[in-house]
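Residues per chain are reported as follows:
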Amino acid sequence: MEWTRELRYKNYNEWPQEYIDDILKKAENSVWKNSFHIEPQSGLLNDPNGFSYFNGKWHLFYQHFPYGASHGLKSWSHVTSDDLINWQLDDIQVLPDTKFDSHGAYSGSAYEIDGKLFLFYTGNHRDQNWTRHPYQVGALMDSNGDIKKFDQPLINPDDNYTDHFRDPMIFEYEDKLYMILGAQRKDKTGTVVLYEAIDNKIENWRKVEELKFTDLDLGYMVECPNLVFVDKKPVLLLCPQGMDKIDSKNIYPQAYVIGENFNPQTAEIVNPHDMKILDYGFDVYASQAFNAPNGMALMTSWLGLPDISYPTDELGHQGAMSLVKELTIKDGNLYQYPVKSVESLRKNTFQAEKFKFEKNAYETEIIVKALSNAEITFYGSDDNKQGLKLILENGKAILDRSKCGIQFALEYDNVRTFEYDNSKDLKINAFVDASVIEIFFNDGQYASSSRVYPEAGNTIFQVKGTAPAVLHEF
Ligand code: FRU
């Protein structure tokens, strides 16, 4: 099926029931559906939105086009959880059904205010000439899940920026409400803009200034900026597009900056550290983090990238959400690691150098001794010819996707690497699902998250050069 503009922007209620039943069935039967990652029932999932704790539950929305694996008319779909691991889908949605979000309820965030969950997002509107008008719009969700949109946009398009002006992320700092969004200046350079809520009223927003956090040129656009506090330090997550000074082979990088302090008056992240890559794998983007009521910083990421075709497209689904990761800072470095409740997935624990699982749904822990090299295979085939390889060689971690099933996005290479200190033991924890692998090194000092599409039956795990791995079957 060719995704013409007409099809991508067709009204939701014009899709025939037969088509919907068909795509749901196709996606449900896909061999690459995962067992412990959030995925759309059908269609395309991208950015996490409105990640929050409200009314006694964890809430997560996601960007969704339900009718095919295409970036079509976006809405928000909604899941909730008691433990951040098991998520239930319900029928709460933010639909593109007003003038201001007619061409997509784009990304945004959530914040509880007076017993309701305030949803702050970008309404993507296009006029007859297909010119885009980005509005920052709001809605309130009550504890029954009823969503009421504000009649008017909270922030109108701004003359200082092009139509790339989106992804408001609301946060509280010293009892005041702020918001940052991503924008493209008129000279086609990317930036992040800081706003404050006048008198803390979510109806009244005032632009402070562009946020200062780096001397680097941020390419042509910054998507999904997100500010969260870890041990009181501001951590800015961002997706700069078209930046050449950052070392990532992915089409667009997911980056972060840690600062020593946040100064909202001067719109500054004070003493920012160098911008770094958040994840060394193939497929992380648009990560969203927020401070939970107890202060901890929780983050989830879209395991996918814009402008890439994935092997499941023809099966009517694309995109998955990462596990929820907790952010911490150790020795000045950002660490990310799945929340503790991930351990509740473990059913059966044993040790092995090589093991053929019934299906790809397990966790492994491997220690690579200081100054030694190792080779780890996931998704291995019986004849040893296929598998995702993780090679640890002289302080370099090399993830090679070239022999793991269906190949895709080859213009961006099928190897990802990073360097680590091999004078100490390296601890590796990998969470392996049907078509997702999230690998964490040294309890989250480095992360590497990727999509893979192995052939059926390729479920062998193997280590060479280390002691047997601890395996937790899920
Ligand atoms: C990032 C993004 C956002 C936008 C949304 C639309 O992946 O392009 O900037 O709000 O996706 O789905």
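Residues numbered from 1 in each chain as written. Predicted model: local features only at pLDDT ≥ 70, side-chain atom pairs only at ≥ 80, totals over all residues.

The secondary structure content of the protein amounts to 2 helices and 36 strands. Taken over C-alpha atoms, the radius of gyration comes to 22 Å for the protein, in line with the 23 Å a tight globule of 474 residues would show. Along the first, second and third principal axes, the C-alpha set of the protein runs to 60 × 55 × 45 Å. Taking the intrachain contacts of the protein between residues at least 6 apart in sequence as the baseline, contacts between residues at least 24 apart amount to 58%. (Helix = DSSP H or I, 4+ residues; strand = E, 2+ residues; numbered from the N terminus. Rg over C-alpha atoms; globule rule 2.2 N^0.38 Å. Contact = placed C-beta atoms within 7 Å.)

Now for the nonpolar core. Core analysis: the largest hydrophobic core is formed by 124 residues, its most contacted members being Leu119, Met179, Ile180, Val235, Leu236 and Tyr256. When residues of this core are sorted by domain, at least three fall in each of domain 1 (5-338) and domain 2 (346-473). Residues within four places of Leu236 in sequence aside, it is in contact with Phe213, Pro225, Leu227, Tyr256, Val257 and Ile269. (Core = buried A, V, L, I, M, F, W, Y, C linked by C-beta atoms within 7 Å. Buried ≥ 20, exposed ≤ 12 C-beta atoms within 10 Å, placed from the backbone. Domains from an automatic or database assignment.)

As annotated by UniProt and renumbered to match this structure, "domain: Glycosyl hydrolase family 32 C-terminal" (unreviewed entry) occupies residues 354-461. End C-alpha to end C-alpha, residues 354-461 measures 6 Å, and it is 0% helix and 50% strand. (UniProt positions renumbered as here; feature names shortened; annotations may be inferred.)

This brings us to the sheet that holds strand S14 (residues 233-241). Spatially, S13-S14-S15-S18 is the arrangement adopted by the 4 strands of the open sheet, whose pairing is antiparallel. Strands with a single pairing partner mark the edges of an open sheet, and in this sheet they are strand S13 (221-230) and strand S18 (276-277). Sheet analysis places S13 next to S14, joined by 8 bridges and oriented antiparallel. For Glu223, the partnering residue across the bridge sits in S14 and is Cys239. (Pairing = 2+ DSSP bridges.)

With that out of the way, let us pick up the site of the ligand. The environment of the ligand is made up of 13 residues, and the closest members are Gln63, Lys74, Tyr106, Ser107 and Glu223. Broken down by secondary-structure element, the contributors of at least two residues to the shell around the ligand are strand S1 (43-54), strand S5 (105-113), strand S9 (161-173) and S13. Here the shell around the ligand is built from residues that sort into 4 nonpolar, 4 polar and 5 charged. (Near = placed C-beta within 6 Å. Nonpolar A, V, L, I, M, F, W, Y, C, P; charged D, E, K, R; others polar.)

On to the domain arrangement of the protein. How big an interface is tends to be expressed through the accessible area that disappears when the partners come together. Domains assigned within the protein are domain 1 (5-338) and domain 2 (346-473). The interface of domain 1 with domain 2 comprises 31 residues on the first partner and 28 residues on the second. Sorting the residues of the side of domain 1 that touches domain 2 by element identifies strand S20 (297-303) and strand S24 (333-338) as the ones contributing at least two each. Residue contributions to the side of domain 1 that touches domain 2 peak at 5 residues, all from S24. A class-by-class count of the residues in the side of domain 1 that touches domain 2 yields 16 nonpolar, 11 polar and 4 charged.

What follows deals with unusual backbone geometry. At Asp175, a position not held by glycine, the phi torsion is positive, near 65°. As for its placement among the helices and strands, Asp175 is situated in the loop between S9 and strand S10 (176-185). One non-glycine residue, Lys188, lies in positive phi territory at about 65°. For Lys188, a count of 12 C-beta atoms within 10 Å translates into the label exposed.

Per-chain confidence: the protein averages 98 in pLDDT, with 100% of residues scoring 70 or above. Reported confidences for the modelled complex are a pTM of 0.98 and an ipTM of 0.99. (pLDDT = per-residue confidence, 0-100.)

Spatially, 4 strands are ordered S9-S10-S11-S12 in an open sheet, and the strand pairing comes out antiparallel. Because the sheet does not close on itself, it has two edges, and the strands there are S9 and strand S12 (205-210). Taken over all neighbouring pairs, the strand axes of this sheet differ in orientation by 30° on average, direction set aside. When strand S11 (residues 190-197) meets S12, the two strands line up antiparallel, connected through 5 bridges. Bridge pairing in S12 links Tyr195 to Lys207. (Axes fitted to C-alpha atoms, helices over the stretch in contact; angles between N-to-C directions.)

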